[in-house]
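A closer look at the structure
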Amino acid sequence: MTDSEREAMRARNEELRIQVDSMLETYEQQRRELADLHSRLASTTAEAWSSDNLVRVVSNVSGVPLEVHLVPEAFKRSTPEKLGRSIAEAAQAAARSATEQSQQAIAPIAELAGELPDLSDIVPGAPSIKDLVRSLLPEPAAEVQAPPPPMDEEEEDEYFRNRSYLDDGR
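If you're wondering where the values come from, they're calculated on a predicted model, not measured in any experiment.

The rules we used
Residues numbered from 1 in each chain as written. Predicted model: local features only at pLDDT ≥ 70, side-chain atom pairs only at ≥ 80, totals over all residues. Heavy atoms only, no water. Helix = DSSP H or I, 4+ residues; strand = E, 2+ residues; numbered from the N terminus. Buried < 20%, exposed > 50% of the residue type's maximum accessible area, 1.4 Å probe, protein only. Contact = heavy atoms within 4.5 Å. Areas by Shrake-Rupley, 256 points an atom, 1.4 Å probe, with all protein chains shown as cover. Polar contact = N/O pair within 3.5 Å; in protein donor to acceptor, adjacent residues only side chain to side chain. Expected span 1.5 Å × (residues − 1). Core = buried A, V, L, I, M, F, W, Y, C linked by side-chain atoms within 4.5 Å. Salt bridge = Lys/Arg side-chain N within 4 Å of Asp/Glu carboxyl O. Patch = residues over 30% accessible without salt bridge, like charges linked within 9 Å, V, L, I, M, F, W, Y side chains within 5 Å. Lys, Arg positive; Asp, Glu negative; His and termini not counted. Charge placed at Lys NZ, Arg CZ, Asp CG, Glu CD.

1. Quick word on the overall build of the protein chain
A tally of helices and strands in the protein chain yields six helices and three strands. Helices and strands appear in the protein chain in the N-to-C order α-β-β-β-α-α-α-α-α. Residues counted as buried form 26% of the 170 residues belonging to the protein chain. Residue pairs in contact within the protein chain that sit at least 24 positions apart in sequence constitute 57% of those at least 6 positions apart. Just so you have it, the protein chain exposes about 12,100 Å², and 52% of that area is on carbon and sulfur atoms.

2. A few points about the side chain of serine 78
Checked against the element boundaries, serine 78 lands in the loop between helix H2 (74-77) and helix H3 (80-115). Of note is the side chain of serine 78, whose polar atom sits 3.3 Å from the backbone nitrogen of leucine 83. Residue contacts for serine 78: discarding those within four places in its chain leaves Leu54 and Leu83.

3. Here we look at helix H1 (residues 3-42)
In this model, H1 (40 residues) spans 58 Å end to end at C-alpha, consistent with the 58 Å of a helix rising 1.5 Å per residue. Listing the buried residues of H1 in full gives Met23, Thr26, Tyr27, Gln30, Leu34, Leu37 and Leu41.

4. So, the nonpolar core
Core analysis: the biggest nonpolar cluster contains 10 residues, these being Ala48, Leu54, Val55, Val57, Val71, Ala74, Leu83, Ala90, Ala91 and Ala94. Only strand S2 (55-60) and H3 provide two or more residues apiece to this core. Ranked by the residues each element gives to this core, the list is headed by H3, at four residues. In this view, leucine 54 contacts His69, Leu70, Val71, Ala74, Arg77, Ser78 and Leu83; residues no more than four positions away in its chain are not counted. The next biggest cluster of nonpolar side chains, apart from the first, holds six residues, and it includes Leu34, Leu37, Leu41 and Ile109.

5. Some words on the pattern of salt bridges
Under the defined criterion, the tally for this structure stands at nine salt bridges. Across the pair aspartate 3 and arginine 6 runs a salt bridge whose closest N-O atoms are separated by 3.2 Å. With a gap of three residues between them, aspartate 3 and arginine 6 both fall in helix H1, about one helical turn apart. Residue class for aspartate 3 comes out exposed when judged on its relative accessible area of 55%. Using a relative accessible area of 36% as the deciding quantity, one classes arginine 6 as partly exposed. One salt bridge in this structure joins glutamate 28 and arginine 31, with 3.0 Å as the shortest N-O distance.

6. A look at a negative patch on the surface
Judged by side-chain charge, Asp152, Glu153, Glu154, Glu155 and Asp157 come together as a negatively charged surface patch. Residue position: aspartate 152 is located in the loop between helix H5 (129-136) and helix H6 (153-161). The class of aspartate 152 is partly exposed, set by a relative accessible area of 43%.

7. A word on unusual backbone geometry
Within the chain, asparagine 53 stands out as a residue other than glycine whose phi angle is a positive 60°. Take asparagine 53: it is sitting in the loop between strand S1 (45-49) and S2.

What follows is the structure in structure tokens.
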């Protein structure tokens, strides 16, 4: 091997080392940003009201209800069936809002990760940034079946007239 070939090889090695160092620096930055994002998402909540304004639900970023609040007159203005639908509606709206918030927070990091080759593609055994980003995204909410239509006034009267509070419905 001649001196010029050795110099060319050293130059290529130096170029490759600089490229790998740059990628490792980017990886470390992304890892720090992911850790920061994870802690911010852990404390993020979303709030939603039912369309009848009787129920307010606060959910975490995964869509799990943390608080359910009923207005004081909820039991006077609604039936148990309608109130149940209102609770479900508010919980689903809060879960959708939480999912949107988490996706907005993760989008810049996911975009940056998509532009670069994954570290695990270059360095065998290194963790995958793309897998880390995907693990932070919550699972998409399953489609919820529409609730049955509300009872009209006559059906509601019939419901209360023929129902015994002592009957457990079995």
